[in-house]
Amino acid sequence: MTGLNDEKESARQREYIEKCREIIAERSEKSGRPLSAIVCTFGCQMNERDSEKIMGSLMEMGYERALSEEDADIIIYNTCTVRENADKRLYGRLGVCKAYKQKNKDMLIALCGCMMQEEHVVDKIRKSYPYVDVLFGTHNIFKFPELLYTRLTGNSQIIDIWKDTDEIVEDLPTRRKYSFKTGINIMYGCDNFCSYCIVPYVRGRERSRDPKEIIREAEKAAADGVVEVMLLGQNVNSYGKGLDTKVTFAELLSEIAKVDGIGRVRFMTSHPKDLSPELIQVIAENKKIARHIHLPLQSGSDRILKDMNRHYTKEQYIKLALKIREEIPDVSITSDIIVGFPGETAADVDDTIDVIEQVRFDGAFTFEYSPRTGTPAAKMKQLDKAFVQENFDRVLSTVQRISKEQAGRFEGRVMEVLIEGEDEKDASRYTGRISQNNVVHFPKMGFSLGDFVNVSLDECMGFYYNSKTASGCLTDALC
Ligand code: SAH
Ligand code: SF4
Ligand code: F3S
């Protein structure tokens with residue numbers, strides 16, 4: 001879709017927001033209290049960002065933020081289907097919602113996100129959960145105001161799912177979860193078709209956003225007080241494909257780091273096959289870019305990597321990771337690992353463990369392979385569960401041992417921390433993160449949320465640091 005159509009569509013949806021606002025105001029007057037909304041997010045940062053957009057529309061309509069699902073007048077579940085347990089969580093929650101609806105007859109339930117792009121899910125909701133009011137997918141999230149208006153003025157369940165889209169409609173309200181940090185989508189969808197993964201089917205083809213729009217969004221966020229941005233995409237390293245202006249991810253990243261007021265830039269996720277030497281150089285030379293690269297390995301076995309359609313070998317991965325460690329001192333490398341992919345043997349798992357030990361991951365999510373309907377790997381012969389569990393435990397204990405050892409390496413150093421919240425266990429202390437993404441707890445000492453401060457990492461407690469002192473901020477751009 002062109003920019004002009006984007007503007008037209010956004011204006012149309014803003015009209016629906018206004019129309020909903022009138023209805024919400026009437027309902028609120030009738031019930032003698034403000035109406036409230038909650039958006040519950042499952043899944044990744046893309047979903048988190050989408051939820052901020054949905055919340056933006058809801059708040060413009062006059063809803064307040066509800067503290068719990070039970071208290072809300074509208075609940076939106078933004079779903080994930082990357083693994084099977086994500087699906088199970090939704091059905092459990094929907095069961096509970098039925099009771100809430102019996103107590104509050106006007107309560108509305110809407111479902112969106114990746115699960116809604118699967119036909120069997122929509123069929124199941126239609127048949128077994130008739131009390132769900134609105135269903136929409138990942139491609140038409142911008143249409144939420146229109147769909148909600150249709151439901152508010154009618155009686156039937158509204159279902160609107162698109163198979164795919166080449167449209168990007170962005171110019172709609174958004175409400176950030178945090179005032180000082182935000183995600184920015186730089187691209188949508190994925191074209192990699194890793195054989196285990198459902199994301200390309202539910203998020204559609206890869207589409208990069210215009211760099212000027214992305215920079216404008218970062219500038220606007222900075223003007224609102226945001227100091228840390230995370231650039232989001234399923235494979236940020238292939239950013240720029242199909243755009244009229246030739247621009248690489250490394251170029252975009254250095255442009256974003258130049259935005260006044262932005263003190264730290266993160267990004268997620270990197271595919272090892274597309275991570276360029278130029279990107280490593282840009283990170284190495286730019287202090288504002290976080291010393292953290294999430295580089296999913298998935299498997300260390302060449303045979304399994306091939307069957308997974310990952311387009312790199314064990315040796316290429318190790319070489320790349322060690323080059324990153326060499327050129328970006330103090331960098332933290334984290335990863336995703338899948339255990340139990342069809343055909344995986346104990347020797348394949350040994351290869352995965354070997355990579356963990358050689359690269360020394362600072363952290364890694366370890367997932368048991370979960371067959372997803374419609375993906376090539378789901379049709380392959382599946383492994384025995386007990387065998388997978390045994391291998392999973394081996395991988396997990398290696399990851400935990402190494403990441404604990406790695407975490408200790410900054411003990412005694414003074415590092416820059418972004419204050420992100422109050423320490424949950426001690427209200428006199430803050431919690432924040434260093435550039436490498438490790439968590440630090442330290443005394444408040446008159447600082448505020450969103451400040452960058454210098455913290456002495458006195459004691460490593462396994463996966464976080466405890467500190468006795470914090471002092472003035474380090475980030476050049478902000479001080
Ligand atoms: N685009 C990102 C990953 C998004 S999904 C990337 O390629 O890096 C996040 C993680 O979920 C993946 O890295 C993978 O480790 C895991 N995952 C995806 N599909 C899975 C499946 N079917 N079973 C188990 N884990 C899976
Ligand atoms: Fe899934 Fe692979 Fe795309 Fe990541 S790169 S979203 S794992 S298909
Ligand atoms: Fe889940 Fe969709 Fe993200 S399947 S991991 S929410 S792209």
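Rules and cut-offs
Residues numbered from 1 in each chain as written. Chains lettered and ligands numbered in written order. Predicted model: local features only at pLDDT ≥ 70, side-chain atom pairs only at ≥ 80, totals over all residues. Heavy atoms only, no water. Helix = DSSP H or I, 4+ residues; strand = E, 2+ residues; numbered from the N terminus. Rg over C-alpha atoms; globule rule 2.2 N^0.38 Å. Buried < 20%, exposed > 50% of the residue type's maximum accessible area, 1.4 Å probe, protein only. Contact = heavy atoms within 4.5 Å. Phe/Tyr/Trp six-rings, centres within 6.5 Å; stacked < 30°, edge-to-face > 60°. Lys NZ or Arg CZ within 6 Å of the ring centre and 35° of its normal. Near = heavy atom within 4 Å. Polar contact = N/O pair within 3.5 Å; in protein donor to acceptor, adjacent residues only side chain to side chain. Nonpolar A, V, L, I, M, F, W, Y, C, P; charged D, E, K, R; others polar. Core = buried A, V, L, I, M, F, W, Y, C linked by side-chain atoms within 4.5 Å. Pairing = 2+ DSSP bridges. Domains from an automatic or database assignment. Buried area = accessible area lost by both parts, 1.4 Å probe. Salt bridge = Lys/Arg side-chain N within 4 Å of Asp/Glu carboxyl O.

J.: Help me get a handle on the overall build of the protein, residues and values and all.
T.: Along the backbone of the protein there are 13 helices and 21 strands. For the protein, the C-alpha radius of gyration of 23 Å lies close to 23 Å, the compact-globule estimate for 479 residues. Summarising its shape, the C-alpha atoms of the protein cover approximately 65 × 60 × 50 Å along the three principal directions. The 479 residues of the protein split such that 56% are buried. Partitioning the contacts of the protein with sequence separation of at least 6, the portion at a separation of at least 24 is 74%.

J.: Give me the packing of aromatic side chains: which residues, what numbers.
T.: Evaluation of the coordinates by the stated rule reveals 15 aromatic pairs. Taking 6.3 Å as the distance between ring centres and 55° as the angle between the ring planes, the aromatic pair formed by Tyr 430 and Phe 442 counts as tilted. One end of the pair, Tyr 430, is in strand E16 (residues 429–434); the other, Phe 442, is in strand E17 (residues 439–443), and 12 residues separate them in sequence. Judged by its relative accessible area of 10%, Tyr 430 is buried. The rings of Tyr 91, Tyr 129 and Tyr 131 are connected pair by pair, giving a single aromatic cluster. Over the face of the ring belonging to Phe 367 we find Arg 83, whose NZ or CZ atom lies 3.7 Å from the ring centre. The ring of Tyr 91 carries the charged tip of Lys 124 above its face, separated from the ring centre by 3.9 Å.

J.: Kindly report on the site of ligand 1, identifying the contributing residues and their values.
T.: Inspection of the region around ligand 1 gives 15 residues, with Gln 234, Pro 296, Gln 298, Asp 336 and Ser 370 positioned closest. Within the side chain of Arg 83, a nitrogen or oxygen atom sits 2.9 Å from an oxygen atom of ligand 1. Elements supplying a minimum of two residues to the shell around ligand 1: strand E13 (332–339) and strand E14 (363–368).

J.: So what's going on with the site of ligand 2? Which residues, and what values?
T.: Around ligand 2, the neighbouring residues are Cys 190, Asn 192, Phe 193, Cys 194, Tyr 196, Cys 197, Val 199, Pro 200, Gln 234, His 271 and Arg 310. In terms of residue class, the shell around ligand 2 is made up of seven nonpolar, three polar and one charged.

J.: Explain the nonpolar core to me, and be specific about the residues and the numbers.
T.: Leu 231, Phe 249 and Ile 324 are the most contacted members of the largest nonpolar core, which has 56 residues in total. When residues in this core are grouped by element, the largest group, six residues, is from helix H8 (residues 249–257). With residues near it in sequence (within four places) discarded, Phe 249 still touches Ile 186, Leu 231, Val 236, Asn 237, Tyr 239, Phe 267 and Leu 279. Leu 94, Leu 111, Ile 125 and Leu 135 belong to the second largest nonpolar core, which has 26 residues in total.

J.: Hey, could you go over the sheet that holds strand E15 (residues 414–422) for me, with residue numbers and the actual values?
T.: Here we have seven strands laid out as an open sheet, ordered E19-E20-E17-E16-E15-E18-E21, and mixed in their pairing. What marks the edges here is a single partner per strand, and that holds for strand E19 (459–460) and strand E21 (470–471).

J.: Before we move on, can you summarise the environment of Val 339 with the specific residues and values?
T.: With respect to the element layout, Val 339 can be found in strand E13. Setting aside residues up to four positions removed in sequence, Val 339 forms contacts with Glu 344, Thr 366, Phe 367, Glu 368, Tyr 369, Val 388, Asn 391, Phe 392 and Val 395.

J.: Report on the domain arrangement of the protein, specifying residues and quantitative values.
T.: Partitioning the protein into structural domains gives domain 1 (6–160), domain 2 (181–409) and domain 3 (411–478). The distance between the C-alpha centroids of domain 1 and domain 2 comes to 30 Å. If you look at the interface, domain 1 gives 19 residues, while domain 2 gives 21 residues. Roughly 1,700 Å² is buried in total at the junction of domain 1 and domain 2, and carbon and sulfur atoms are behind 51% of that figure. The three residues of domain 1 that bury the most area against domain 2 are Met 46, Arg 49 and Arg 83, which together make up 36% of that side's buried surface. For the pair domain 1 and domain 2, the number of links is three salt bridges. The partner of Glu 217 in a salt bridge is Arg 49, with the nearest N and O atoms 3.1 Å apart. The interface formed by domain 1 and domain 2 holds 10 residue pairs in polar contact (both at pLDDT 80 or more) in total. Taken together, the elements giving at least two residues each to the side of domain 1 that touches domain 2 come down to helix H2 (45–60) and helix H3 (84–103). Here the side of domain 1 that touches domain 2 gets seven residues from one element, more than from any other, and that element is H2. Residue classes in the side of domain 1 that touches domain 2 are distributed as four nonpolar, seven polar and eight charged.

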